[in-house]
Amino acid sequence: MRDGRTEGDATHDAIREPTGDAIHDVIVVGSGAGAMTGALMAAADGLDTVVLERTALLGGTSAYSGAACWLPGTQVQERAGLGDSTDAARTYLRALVGDTGPDRREAFLRHAPELVARLESDPAVEFEWRAFPDYVAAPGRMDAGRSFVPRDLPQEELGDLLPLVRPAVDRDRAGQGHPDGPLTAGRALIGRLLLAATRTGNTTVRTGHRVIGLVTEHGRVTGVEAETPQGTVTVRARRGVLLAAGGFEGDDALRTEHGVPGAAAWTMAPPGATTGDLLRAAVRIGAATDLLDEAWWCPGTERPDGSAAFTLGLRGGIVVDAAGRRFANESLPYDRMGRALATAQAPAHLIFDSREGGGLPAITVPPADPEEHLASGVWVKADTLPELAERIGVPAGALTDTVARFDGHAATGTDPDHHRGEDPYDRFFADTRNAPGPNPCLVPLDRPPYYAARLVLADLGTKGGLRTDVHARVLDGAGDPIPGLYAAGNTSASFTGRVYPGPGVPIGTGMVFASLAVRDMTS
Ligand code: FAD
């Protein structure tokens, strides 16, 4: 039971939530940003569309997200007067990803402006640009960022659909519903897409439907099998099945099999929601896969319950490995810092002083309560650095030297070791009020007591999965499309390979390829 709802609960005036066998034009599996975009596009085209969601709530990790959408060259950037363009984004992606998957990159770039125009033509969907720098210094980068977010959504607009939308991660993990006030970020995105899809009158939502198998007839995917509280049901599709049900970040067995570091306990996806059912189901009928060892990485501060909090935007502190040495620019974009963590000597710790009154000088999602973290031992506090080092099992001399060297860099304003503070992204989160020296990203650690927070390799979802083409069609081992089967979001392998170009790439690419899937179904 969650928010007064049980798995398979089915009463909402605005949508039908039936169970049992059925047939529709389009089946969308999952209910994140890609899935809901696909559902809206199909329903807006007049197709009878069903969304099948495993849990009682819609939105998955997308609902937890900041909902930044990296969709370049659209009317949103134009309204903001940014001077962004498809060409600039192409230059940037080529520089980062090379010509791996150029066809899908082009399909993405070409379709993004059209998709956003179509979405915003619906009164329920509105976006606004928000500053958040692209993640890598490369030609075509926008230092102020090109991604945008949905406008906040007043709760009353959602009406009785509100309890269907997954709350923010802290409230969801605590079993609480939405707070008063408008839905923001990922909740606003899912809410807006749900509202728009619902208003078409062509959308059916079924929660409590865990899709476990694909139905094929004469080599074509014509439906799915789903476990429900009432038993297994078969839902058929006349046009196609879109798998947009996240990755396999929540399944330790699949992580181990494919060499994905980290752990299911540390992923930011809703616990138990994304366990790779669709990857398994599609592979069983011959689908090809790619990039299965990849994820959208981030540092995670370990929490008292063994889960992790997405940690980004450091305003101070340093990160050291088990030898007490810094190993990266701590202000790196979170995916790049995650990659550095993956190869560092574990355990790593974020070392900070009392400049922020004992609070972590970083953003964590969910927020961290220092007292609780100290009591559980995942954070440690000590009056001196040698004492702190001893308590976390790091050589005291090494930690003391590292801090002394760093404090020296803070005084001069340059970090010859890791170049912290040289990039616009580094400076985006810096707090000049806290930084006495010339470089706001180099804040000395000189205010005891000192703290150490244990860092783990967390993720925002795996990014390898089913191989797809420019129409989001799932490919088989020979590179041919499997008729009737499509994939988007983290169920598919990202064309961005091993790079996270900027804020909103997971969601933006998921939305575009879900829309392209529907376009192919209707062509
Ligand atoms: P999800 O959004 O996780 O949706 C998958 C859904 O499928 C879930 O509801 C799940 O229950 C359902 N499902 C799974 N298996 C089945 C099954 N067998 N049958 C039926 N349903 C099933 N990315 C961005 O692009 N921009 C951001 O601003 C951003 N901010 C983030 C902030 C936070 C705090 C976090 C945690 C992540 C953020 N991310 C962001 C990452 C991003 O949210 C995810 O990578 C992305 O939303 C994944 O989308 P998805 O559709 O693939 O999966």
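Residues numbered from 1 in each chain as written. Predicted model: local features only at pLDDT ≥ 70, side-chain atom pairs only at ≥ 80, totals over all residues. Heavy atoms only, no water.

A short note on the side chain of Glu330
Okay, so step 1: Mapped onto the secondary structure, Glu330 falls in the loop between strand E12 (318–320) and helix H11 (334–343).
Okay, so step 2: For Glu330, a relative accessible area of 3% gives the class buried.
Okay, so step 3: Setting aside its immediate chain neighbours within four residues, Glu330 contacts Leu314, Ile318, Val319, Met337 and Arg420. (Helix = DSSP H or I, 4+ residues; strand = E, 2+ residues; numbered from the N terminus. Buried < 20%, exposed > 50% of the residue type's maximum accessible area, 1.4 Å probe, protein only. Contact = heavy atoms within 4.5 Å.)

Notes on the nonpolar core
Okay, so step 1: Grouped together as the largest cluster of nonpolar side chains are 85 residues, with contacts concentrated most on Leu71, Phe108, Leu119, Phe127, Leu242, Tyr334 and Met511.
Okay, so step 2: Looking at this core, the element that brings in the most residues is helix H16 (residues 505–522), giving 10 residues.
Okay, so step 3: Beyond its immediate stretch of four places on either side in the chain, Leu71 contacts Gln77, Phe108, Ala112, Val116, Phe148, Gly508, Met511 and Val512.
Okay, so step 4: By size, the runner-up hydrophobic cluster in this structure holds 50 residues, among which are Val233, Ala328, Ala362 and Val378. (Core = buried A, V, L, I, M, F, W, Y, C linked by side-chain atoms within 4.5 Å.)

Re the site of the ligand
Okay, so step 1: Taken together, 35 residues lie near the ligand, and Glu53, Ser62, Ala68, Asn490 and Ile507 sit nearest.
Okay, so step 2: At a separation of 3.5 Å, an oxygen atom of the ligand approaches a polar backbone atom of Ala245.
Okay, so step 3: With respect to the ligand, the backbone of Ile507 contributes an N or O atom lying 2.8 Å from an oxygen atom.
Okay, so step 4: Considering the ligand on its own, with 1000 Å² of exposed area, one finds that the protein chains cover 97% of that surface.
Okay, so step 5: Counting residues per element, the ones that place at least two in the shell around the ligand are helix H2 (60–64), strand E6 (210–217), helix H10 (277–284) and H16.
Okay, so step 6: Ranked by residues supplied to the shell around the ligand, first place goes to H2 with 4 residues.
Okay, so step 7: In terms of residue class, the shell around the ligand is built from 16 nonpolar, 15 polar and 4 charged. (Near = heavy atom within 4 Å. Polar contact = N/O pair within 3.5 Å; in protein donor to acceptor, adjacent residues only side chain to side chain. Areas by Shrake-Rupley, 256 points an atom, 1.4 Å probe, with all protein chains shown as cover. Nonpolar A, V, L, I, M, F, W, Y, C, P; charged D, E, K, R; others polar.)

Some details on the environment of Ala488
Okay, so step 1: As for its position among the elements, Ala488 is in the loop between strand E19 (481–487) and H16.
Okay, so step 2: Residue Ala488 is classed as buried on the basis of its relative accessible area of 0%.
Okay, so step 3: Between the C-alpha atoms of Ala488 and Pro370, which are 118 residues apart in sequence, the distance is 39 Å.
Okay, so step 4: Beyond its immediate sequence surroundings of up to four residues, Ala488 is in contact with Leu242, Leu243, Ala244, Gly510, Phe513 and Ala514.

Remarks on the confidence of the model for the protein
Okay, so step 1: Within the protein, residue pLDDT values average 95, and 97% of them lie at 70 or more.
Okay, so step 2: Low pLDDT, under 50, characterises residues 1–11; the stretch is placed with 30 contacts to residues that sit more than four places away or in other chains. (pLDDT = per-residue confidence, 0-100.)

Quick look at the environment of Pro154
Okay, so step 1: Structurally, Pro154 is set in the loop between strand E4 (148–150) and helix H6 (155–158).
Okay, so step 2: Pro154 sits in the partly exposed class, given a relative accessible area of 27%.

Some remarks on the environment of Pro72
Okay, so step 1: Residue placement: Pro72 occurs in the loop between H2 and helix H3 (75–79).
Okay, so step 2: Residue Pro72 is classed as buried on the basis of its relative accessible area, which comes to 1%.
Okay, so step 3: A C-alpha to C-alpha distance of 7.2 Å links Pro72 and Pro113, two positions 41 residues apart in sequence.
Okay, so step 4: For Pro72, the contacting residues outside a window of four places in its chain are Gln77, Asp84, Thr86, Ala89, Phe108, Leu109, Ala112, Pro113 and Arg146.

A few points about the packing of aromatic side chains
Okay, so step 1: The tally for this structure, following the rule as stated, stands at 19 aromatic pairs.
Okay, so step 2: Ring geometry for Tyr425 against Phe429: centres 5.5 Å apart, planes inclined by 65 degrees, an arrangement best described as edge-to-face.
Okay, so step 3: Here Tyr425 falls in the buried class, since its relative accessible area comes to 1%.
Okay, so step 4: The rings of Phe132, Tyr135, Trp296, Phe310, Tyr334, Tyr425, Phe428, Phe429 and Tyr500 are connected pair by pair, giving a single aromatic cluster.
Okay, so step 5: If you follow Lys463 out to its NZ or CZ, it ends over the ring of Trp296, 4.1 Å from the centre. (Phe/Tyr/Trp six-rings, centres within 6.5 Å; stacked < 30°, edge-to-face > 60°. Lys NZ or Arg CZ within 6 Å of the ring centre and 35° of its normal.)

Focus on a negative patch on the surface
Okay, so step 1: Together, Asp305, Asp369, Glu371 and Glu372 make up a region of like negative charge exposed at the surface.
Okay, so step 2: Locating Glu372 in the fold gives a position in helix H12 (residues 370–376). (Patch = residues over 30% accessible without salt bridge, like charges linked within 9 Å, V, L, I, M, F, W, Y side chains within 5 Å. Salt bridge = Lys/Arg side-chain N within 4 Å of Asp/Glu carboxyl O. Lys, Arg positive; Asp, Glu negative; His and termini not counted. Charge placed at Lys NZ, Arg CZ, Asp CG, Glu CD.)

Some remarks on unusual backbone geometry
Okay, so step 1: In this structure, the amide linkage connecting Ala346 to the following residue, Pro347, adopts the cis form with an omega of 0 degrees.
Okay, so step 2: Considering the arrangement of structural elements, one finds Pro347 in the loop between H11 and strand E13 (348–352).
Okay, so step 3: Residue Pro449 follows Pro448 across a cis peptide bond; omega there is 0 degrees.
Okay, so step 4: Phi is positive for His419, close to 60 degrees, though the residue is something other than glycine.

Some points on helix H8 (residues 185–199)
Okay, so step 1: With 15 residues, H8 extends 21 Å between its outermost C-alpha atoms, agreeing within 8% with the 21 Å of an ideal straight helix rising 1.5 Å per residue.
Okay, so step 2: A large share of H8 lies buried, amounting to 13 of its 15 residues.
Okay, so step 3: Following H8 by one or two positions, Gly201 adopts a phi angle in the positive range, close to 80 degrees. (Expected span 1.5 Å × (residues − 1).)

Focus: the pairing of E6
Okay, so step 1: For E6 and strand E7 (residues 220–228), the ladder comprises 7 bridges, and the chain directions are antiparallel. Paired with Glu217 across the two strands is Arg220, which belongs to E7.
Okay, so step 2: What sits between the antiparallel neighbours E6 and E7 is a turn of 2 residues, in which His218 has the positive phi angle 50 degrees. (Pairing = 2+ DSSP bridges.)

A closer look at the packing of helix H1 (residues 33–44) against H8
Packed helices, taken two at a time, are described by the angle between their axes plus the distance between the axes.
Okay, so step 1: Between H1 and H8, whose axes approach to 9 Å, the crossing angle comes to 20 degrees. Between H1 and H8, the crossing angle belongs to the class labelled roughly parallel. In terms of crossing hand, the pair formed by H1 and H8 is left-handed. Together, Ala33, Met36, Thr37, Leu40 and Ala43 of H1 and Leu189, Ile190, Leu193, Leu194, Ala196 and Ala197 of H8 make up the contact between the two elements.
Okay, so step 2: In terms of residue class, the contact of H1 with H8 is built from 10 nonpolar, 1 polar and no charged. (Axes fitted to C-alpha atoms, helices over the stretch in contact; angles between N-to-C directions. Parallel < 35°, antiparallel > 145°, perpendicular 65-115°, else oblique. Left-handed = near helix turned anticlockwise from the far one by under 90°.)

Concerning the packing of H1 against H16
Okay, so step 1: Remark: H1 packs on H16, axes separated minimally by 8 Å, with the N-to-C direction vectors making an angle of 30 degrees. Judged by the inter-axis angle, H1 sits roughly parallel to H16. Crossing hand, H1 versus H16: right-handed. Residues Ala33, Gly34, Thr37, Gly38, Met41 and Ala42 of H1 form the contact with H16, whose participating residues are Ile507, Gly510, Met511, Ala514, Ser515 and Val518.

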